[in-house]
Amino acid sequence: WKILKDANPDINESKRLVLVNPNASKLISIRKWPLENYAKLVKKLIQDKDVYVAITGIGSEKPDAQYIVDFVKSKRVLDLTGKTTLRELVNLFNIGDILITNDSGPAHFASLTNIHIVVFFGPETPELYKPLTDNCTVVYSNYACSPCVSAFNQRLSPCNNNLCLKSINADFVYKIVRNILEKDENQ
C-alpha cells in the first residue's frame with residue numbers, strides 16, 4: 001500500500017485495483033498485445049471512479065508505461081515500473097483485483113495469489129502455458145497459425161506481424177474485465 005499511496009495518496013482499500021503488465025520478454029516480443037490497445041483499455045477502465053490502474057514492469061519498460069499514462073491522462077493511472085521488487089510485485093497481486101498481462105512471467109507469479117488473471121495468448125498455446133490457477137481468463141484468438149512459438153522451434157518464429165494478438169480489440173477485453181469486476185462486487 002505504501003508504494004501505491006506514494007504514487008497517489010487518494011487510493012485506499014475501498015477502491016478497485018487493476019494491475020496492468022503491458023510487456024513481455026524482448027526475446028519473444030511477438031507475445032505482446034499492442035500497446036495502444038492497453039492504453040485504450042485503461043482509458044475505458046478508469047471511467048469507473050472507483051478503479052485505479054497500476055502499470056507494472058521493470059525500469060527499462062518505463063517508456064511503455066509512460067505511453068499509457070500520457071494517453072489516458074488520469075491521476076488514477078499509476079506508473080510503478082521499476083518501483084517494485086519481485087516480492088512487492090507479488091504483494092501487489094495479493095491486494096489487486098485483476099491483473100491484465102501478456103503471456104509472461106508476471107502471469108505465472110500472480111497464480112500464487114488470489115488475483116484474477118486476464119492473460120493474452122497468440123504465438124504460444126494456452127493449453128500448455130497458461131497460469132496454473134482456476135482464477136484465470138485466457139484471451140486467445142485461436143488463429144490457425146498458432147502456436148508459432150514453441151519449445152520445438154527454440155521459440156523462434158517466422159512471424160513478424162502478430163495478428164493473433166492484434167485482432168483482439170480493447171472493447172472486447174473491456175467487457176471481460178468489467179464482468180469480472182462486477183462478479184467480484186456481487187460476492
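Everything below is about the structure shown above.
Cut-offs used in this document
- Residues numbered from 1 in each chain as written.
- Predicted model: local features only at pLDDT ≥ 70, side-chain atom pairs only at ≥ 80, totals over all residues.
- Heavy atoms only, no water.
- Helix = DSSP H or I, 4+ residues; strand = E, 2+ residues; numbered from the N terminus.
- Contact = heavy atoms within 4.5 Å.
- Buried < 20%, exposed > 50% of the residue type's maximum accessible area, 1.4 Å probe, protein only.
- Pairing = 2+ DSSP bridges.
- Right-handed = clockwise from strand over helix to strand, strands pointing away.

*Asks:* What am I meant to see in the environment of V42 here?
*Replies:* Along the polypeptide, V42 turns up in helix α2 (residues 35-45). Separated by 40 residues in sequence, V42 and K2 place their C-alpha atoms 22 Å apart. In contact with V42, other than residues within four places in its own chain, are V20, V53, I68, V72 and V77.

*Asks:* Help me out: how do you make sense of the pairing of strand β2 (residues 51-55) in this one?
*Replies:* Remark: a regular strand shows side chains that alternate across the two faces of the sheet. Counting buried residues along β2, five of its five residues qualify, which places the element largely inside the surrounding structure. Neither face of β2 is exposed, since V51, V53 and I55 on one face and Y52 and A54 on the opposite face are all buried. Direction of pairing for strand β1 (residues 16-21) relative to β2: parallel, over a ladder of five bridges. Across the sheet, the residue bridging to V20 is I55, located in β2. Sheet topology note: the β2/strand β3 (residues 77-79) ladder contains three bridges and is parallel. If you follow A54 over to β3, its bridge partner there is L78. Remark: the β2/helix α3 (residues 62-72)/β3 crossover connection has right-handed handedness.

*Asks:* Can you help me understand the pairing of strand β5 (residues 116-121) in this one?
*Replies:* Judged by how many residues are buried, β5 sits mostly within the fold: six of six residues are covered. Going residue by residue along β5, you find H116, V118 and F120 tucked away on one face and I117, V119 and F121 tucked away on the opposite face as well. By the bridge criterion, five bridges tie strand β4 (residues 98-102) to β5 in an arrangement that is parallel. Looking at the pairing, N102 lines up with F120 of β5. After leaving β4, the chain enters helix α5 (residues 105-110) and then returns to the sheet as β5, a path that is right-handed. Relative to strand β6 (residues 136-140), β5 runs parallel, the two sharing five bridges. Bridging across to β6, I117 finds its partner in C136.

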